[in-house]
Amino acid sequence: MSRRLFAVPLAVLFLAAPVAAQAPATVSITLSNFHIAPAPIHLAAGQPVRLVFTNASGGGHDFTAPAFFANAHGLAGPVERGQVELAGHASASVTLVPARGTYKAKCTHFAHKMMGMSATIIVD
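Each chain has its residues counted from 1, following the order in which its sequence is written. The predicted origin of the model limits local features to residues at a pLDDT of at least 70 and limits the giving and counting of side-chain atom pairs to 80 or more, whereas totals for whole chains, interfaces and linings rest on all residues. Only hydrogens and water are set aside; all other atoms, that is, all heavy atoms of the structure, feed into the side-chain values.

Trainee: Help me understand the overall build of the protein chain in this model?
Mentor: Numbering goes from the N terminus for both helices and strands, where a helix is a DSSP run of H or I of at least four residues and a strand is a run of E of at least two. Broken down by element type, the protein chain carries two helices and 10 strands. Sequence-ordered secondary structure for the protein chain, helices as α and strands as β, is α-β-β-β-β-β-α-β-β-β-β-β. Residue contacts follow a heavy-atom distance rule, with two residues in contact if any of their heavy atoms lie within 4.5 Å. A separation of at least 24 residues holds for 65% of the contacts in the protein chain among residues at least 6 apart in sequence. The protein chains shown are the only cover counted for residues, whose accessible areas, like all others here, come from Shrake-Rupley with a 1.4 Å probe. Only carbon and sulfur atoms are counted for the fraction: they give 63% of the accessible area of the protein chain, which is about 7300 Å².

Right under this line is the structure:
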């Protein structure tokens, strides 16, 4: 009788493990005047991730990384032409499965990259 009681919780643990493994990790990316953090951005290749972009400033910014977004799979979220546009103090979420590689990201608003709004995305 005690063996059956022990076996049921183990079976539940083994069945629940794959579901938990499928949930995407969350990585927060903050855009501010004139910085993108974290720097660099590290992601795991082939692992689902939810990128949460937050604009900490009052003015608009974008996160532009065309090669990164083009090589990702399962892309869901407000990505247009390889960029996420954020109004002042706005947030947006993008879920994807990143492809291995090193990618460049920047804000394309006038002179923002020149003032330091660039980042590297490293997907291992």
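Once the structure has been displayed, the description carries forward.
Trainee: Explain the packing of aromatic side chains to me, please; I cannot follow it from the model alone.
Mentor: Aromatic rings in a pair are described by how distant their centres are and how their planes are angled relative to each other. Classification of ring pairs rests on two measures: the distance between centres of Phe, Tyr or Trp rings, Trp counted by its six-membered ring, which must be within 6.5 Å, and the angle between planes, read as stacked under 30 degrees, edge-to-face over 60 and tilted in between. Applying the stated criterion to the full structure yields four aromatic pairs. Measuring from ring centre to ring centre gives 4.8 Å for Phe53 and Phe63, while their planes differ by 45°; the resulting arrangement is tilted. Of this pair, Phe53 sits in strand β4 (residues 49-55) while Phe63 sits in strand β5 (residues 61-64), placing them 10 residues apart in sequence. An aromatic cluster is defined as three or more aromatic residues linked by ring pairs; in this entry it consists of Phe53, Phe63, Phe68, Phe69 and Tyr103.

Trainee: So what exactly am I meant to see when it comes to unusual backbone geometry here?
Mentor: Residues other than glycine predominantly adopt negative phi, and peptide bonds predominantly adopt the trans conformation. At the junction of Asn33 and Phe34, the peptide bond is cis and its omega measures out at -5° in the coordinates. You can see Phe34 is positioned in the loop between β1 (25-32) and β2 (35-37). In this structure, the amide linkage connecting Ala39 to the following residue, Pro40, adopts the cis form with an omega of -5°. Secondary-structure assignment places Pro40 in the loop between β2 and β3 (41-43). Positive phi, normally seen in glycine, also occurs at Arg81, with a value near 50°. Here Arg81 is to be found in the loop between β6 (73-76) and β7 (83-86). With a phi close to 65°, Ala111 is a non-glycine residue in the positive phi region.

Trainee: What exactly am I supposed to notice about the environment of Asp124 here?
Mentor: Within the fold, Asp124 resides in the segment after β10 (118-123). Taking the C-alpha atoms as reference points, Asp124 and Ala45, separated by 79 residues in sequence, lie 5.3 Å from one another. Not counting chain neighbours up to four residues away, the residues in contact with Asp124 comprise His42, Leu43, Ala44, Ala45 and Arg100.

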